[in-house]
Structures are given as C-alpha cells and as structure tokens.
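Next come the chains, spelled out residue by residue.
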Amino acid sequence: MNNPLPVRLRSARKAAKLTQQQLGVLLGMDLNTASARMNQYEKGKHSPDFQTLKRLAEELGVPVAYFYCEEEVTAELIRFIGKLSTKEQAALLEKLESGCE
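Residues numbered from 1 in each chain as written. Predicted model: local features only at pLDDT ≥ 70, side-chain atom pairs only at ≥ 80, totals over all residues. Heavy atoms only, no water.

*Asks:* What exactly am I supposed to notice about the overall build of the protein here?
*Replies:* The number of helices and strands found in the protein is 6 helices and 0 strands. Each helix (α) and strand (β) of the protein, taken in turn from the N terminus, gives the series α-α-α-α-α-α. The buried share among the 101 residues of the protein stands at 29%. Put simply, of all contacts in the protein between residues at least 6 apart along the chain, 46% involve residues at least 24 apart. Looking at charge distribution, the protein has the averaged site of its 14 positive side-chain charges lying 9 Å from that of its 13 negative ones. (Helix = DSSP H or I, 4+ residues; strand = E, 2+ residues; numbered from the N terminus. Buried < 20%, exposed > 50% of the residue type's maximum accessible area, 1.4 Å probe, protein only. Contact = heavy atoms within 4.5 Å. Lys, Arg positive; Asp, Glu negative; His and termini not counted. Charge placed at Lys NZ, Arg CZ, Asp CG, Glu CD.)

Here you go:
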C-alpha cells in the first residue's frame, strides 16, 4: 500500500454512514463541490492538508494517526485506543510496558 490515507478515509467515512457530500458539507465545503473534493481525497488524486485531515478525523471519530497506518491491525488498534479516555490510555500503556519487560 503506497498511501494508506485514501483507503482509511473511505473506510472511516463508510463506518460513519456518511456520503462523500455529507462529510464535505460537515467540513464546511460548498454543497456543489463537496462530493467531488472528497472523491479526490479518497482516490488519492489530492491529499488534504493537515488541518483538514484533523477536522476529518474529528468528524469521523478517529485519531489522525489512523489515516497513516499501513497495516489493518495497527489501524484498528489506533482507532480503538483513540476511543479511550486519557486515563484509560495511560493505564493501557502502563500494562503494555510492564508486559513487555
């Protein structure tokens, strides 16, 4: 996989049950161009800048890092960990660190 972003973006959008147009409009894009612009991101023709990607992550309920994972298992772990509170993340990290020693 060269650039995982298009695949991850499409997957997260579909999991959120949003059309390309709906997602684009949520980001503040014009109704008439939202679908085409999101399609270009999902096809890998254009990449969103970091601020746009951050807004996409917020709307889709995934961490920004999710978009950059090449491996499916790592992507799902990041998505799961992103749903935990900061306290839960710290506890998980501590448990993982103690288990690896």
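On we go.
*Asks:* Got a minute to help me understand the packing of helix α1 (residues 5-15) against helix α3 (residues 34-43) in this structure?
*Replies:* Packed helices, taken two at a time, are described by the angle their axes make and the gap between the axes. Between α1 and α3, whose axes approach to 6 Å, the crossing angle comes to 130 degrees. Taken as axis vectors, α1 and α3 run oblique relative to one another. On the side of α1, the interface is formed by P6, L9, R10 and R13, while α3 contributes M38, Y41, E42 and K43. (Axes fitted to C-alpha atoms, helices over the stretch in contact; angles between N-to-C directions. Parallel < 35°, antiparallel > 145°, perpendicular 65-115°, else oblique.)

*Asks:* Can you walk me through unusual backbone geometry in this structure?
*Replies:* As a rule of thumb, non-glycine residues mostly have phi less than zero, and peptide bonds are mostly trans rather than cis. Residue K17 is not a glycine yet carries a positive backbone phi of 60 degrees. Counting through the fold element by element, K17 comes out in the loop between α1 and α2 (20-26).

*Asks:* Which parts of the structure should I look at to understand α3?
*Replies:* Quick reminder: α-helices carry 3.6 residues per turn. Residues three or four places apart thus point the same way. Taken together, the buried positions of α3 are A34, M38, Y41 and E42. Take α3 and look down its axis: the buried residues cluster within an arc of 95 degrees, on one side only. At its buried positions, α3 is contacted by α1, α2 and α4 (50-60). Where α3 ends, the next residue or the one after it, G44, has phi of about 80 degrees, a positive value. (Arc of directions from axis to C-beta.)

*Asks:* Honestly, the environment of Q89 in this entry has me stumped. Any pointers?
*Replies:* Residue placement: Q89 occurs in helix α6 (residues 86-99). You can call Q89 partly exposed: its relative accessible area is 30%. For Q89, the residues in contact, after removing those within four places along its chain, are I81, G82 and L84.

*Asks:* Could you clarify how one ought to interpret the pattern of salt bridges in this entry?
*Replies:* A pair can form between side chains of opposite charge whenever their charged atoms are brought close. Enumeration over the complete set of coordinates arrives at 4 salt bridges. We note a salt bridge from E42 to R13, for which the minimum N-O separation is 2.5 Å. Separated by 29 residues along the polypeptide, E42 in helix α3 and R13 in helix α1 bring together distant segments of the chain. Here E42 and R13 have matching classes, each one buried. Notably, a salt bridge pairs E76 with R79, separated by 2.6 Å at the nearest N-O pair. Here the residue E76 and the residue R79 both occupy positions in helix α5 (residues 72-82), the gap between them amounting to 3 residues, near one helical turn. (Salt bridge = Lys/Arg side-chain N within 4 Å of Asp/Glu carboxyl O.)

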